[in-house]
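Commentary on secondary and tertiary structure
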Amino acid sequence: MASLSPTTEHVVTRVLLVDDQVMLRDALRLHLEDEGYRVFAASSATEALAIAQAEPVDLVVTDLVMPERDGMWLLRELGRVRPSAKVIMMTGFGSADSAVAALHAGAFDYLEKPVDSDRLKAKLRKALRVKR
């Protein structure tokens, strides 16, 4: 069975990447763009929600802990505006409790920081297979 790429069947997968840490966000964005994803980047949950309302994003990778509104807030809002989008939460403050809470709230998966780009790409491929 062939693995799905972000451009399978000439449809480019749109990923929304949300993190208030600019260096991490930019590094992950570059890795994902190199894989063929179309990446929208946001520095806050509020900015991410505006992008998700304007763009039909397929996958969302969001930090859990951010100023103002957190990743759990964004997860709930995405369920309203982009219910088909698969959400992967990431955090530097990982715990079993936060992982369980995110998954129960509808997140597809969970990653602890520092995020390994190969591991993230594998999780995105898995989310894309489930979505399609």
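All of these numbers come straight from a predicted model, not from anything done at the bench. (Residues numbered from 1 in each chain as written. Predicted model: local features only at pLDDT ≥ 70, side-chain atom pairs only at ≥ 80, totals over all residues. Heavy atoms only, no water.)

**Focus: the overall build of the chain**
Across its full length, the chain holds 5 helices and 5 strands. Helices (α) and strands (β) of the chain occur, in sequence order from the N terminus, as β-α-β-α-β-α-β-α-β-α. Within the chain, buried positions represent 45% of all 132 residues. Across the chain, the fraction of contacts at a sequence separation of at least 24, relative to all contacts at a separation of at least 6, is 65%. About 6,800 Å² of surface is accessible on the chain, with carbon and sulfur atoms providing 51% of the total. (Helix = DSSP H or I, 4+ residues; strand = E, 2+ residues; numbered from the N terminus. Buried < 20%, exposed > 50% of the residue type's maximum accessible area, 1.4 Å probe, protein only. Contact = heavy atoms within 4.5 Å. Areas by Shrake-Rupley, 256 points an atom, 1.4 Å probe, with all protein chains shown as cover.)

**What to know about the nonpolar core**
Here is a general trend for soluble globular proteins: nonpolar side chains tend to be buried in one another's company. Of all hydrophobic cores here, the largest spans 25 residues; its most connected members are Leu-16, Val-18, Val-60, Leu-74 and Met-89. Among the secondary structure elements, those contributing two or more residues to this core are strand 1 (14-18), strand 2 (38-42), helix 2 (45-54), helix 3 (71-81), strand 4 (86-91) and helix 4 (96-104). When sequence neighbours within four positions are dropped, the list of residues in contact with Val-60 reads Leu-16, Val-18, Leu-78, Ala-85, Lys-86, Val-87 and Ile-88. In terms of nonpolar packing, the next biggest core, distinct from the first, is built from 16 residues, Val-15, Leu-28, Val-61 and Leu-124 among them. (Core = buried A, V, L, I, M, F, W, Y, C linked by side-chain atoms within 4.5 Å.)

**Quick word on the environment of Gly-79**
Along the polypeptide, Gly-79 turns up in helix 3. The exposure class assigned to Gly-79 is partly exposed, which follows from its relative accessible area of 45%. With 26 residues separating them in the primary sequence, Gly-79 and Ala-105 have C-alpha atoms 9.4 Å apart.

**What about the environment of Gln-53?**
Note on placement: Gln-53 falls in helix 2. Owing to a relative accessible area of 46%, Gln-53 belongs among the partly exposed residues under this scheme. C-alpha separation for the pair Gln-53 and Val-81, spaced 28 residues apart in sequence, amounts to 6.4 Å. Non-local contacts of Gln-53, meaning those with residues more than four positions away in its chain, are made with Arg-80, Val-81 and Arg-82.

**Comments concerning the side chain of Thr-62**
Here Thr-62 shows up in strand 3 (residues 59-63). Sequence-distant contacts of Thr-62, that is, excluding residues within four places in its chain, are made with Val-18, Gly-71, Leu-74, Val-87, Ile-88, Met-89 and Met-90.

**What about the pattern of salt bridges?**
Tallied over the full model, the rule gives 9 salt bridges. Between Asp-19 and Lys-113 there is a salt bridge; the shortest N-O distance is 2.7 Å. Here Asp-19, found in the loop between strand 1 and helix 1 (22-34), pairs with Lys-113, found in the loop between strand 5 (109-112) and helix 5 (117-131); they are 94 residues apart in sequence, far enough to count as distant. Of the two residues, Asp-19 and Lys-113, neither departs from the other in class, the shared state being buried. For Asp-63, the salt bridge identified is with Lys-113, shortest N-O distance 3.1 Å. A residue pair is termed long-range when its members are at least 10 positions apart, and Asp-63 in strand 3 and Lys-113 in the loop between strand 5 and helix 5 qualify at 50 residues. Note on Asp-63: relative accessible area 2%, which makes it buried. Connected via shared salt-bridge partners are Asp-19, Asp-63 and Lys-113. (Salt bridge = Lys/Arg side-chain N within 4 Å of Asp/Glu carboxyl O.)

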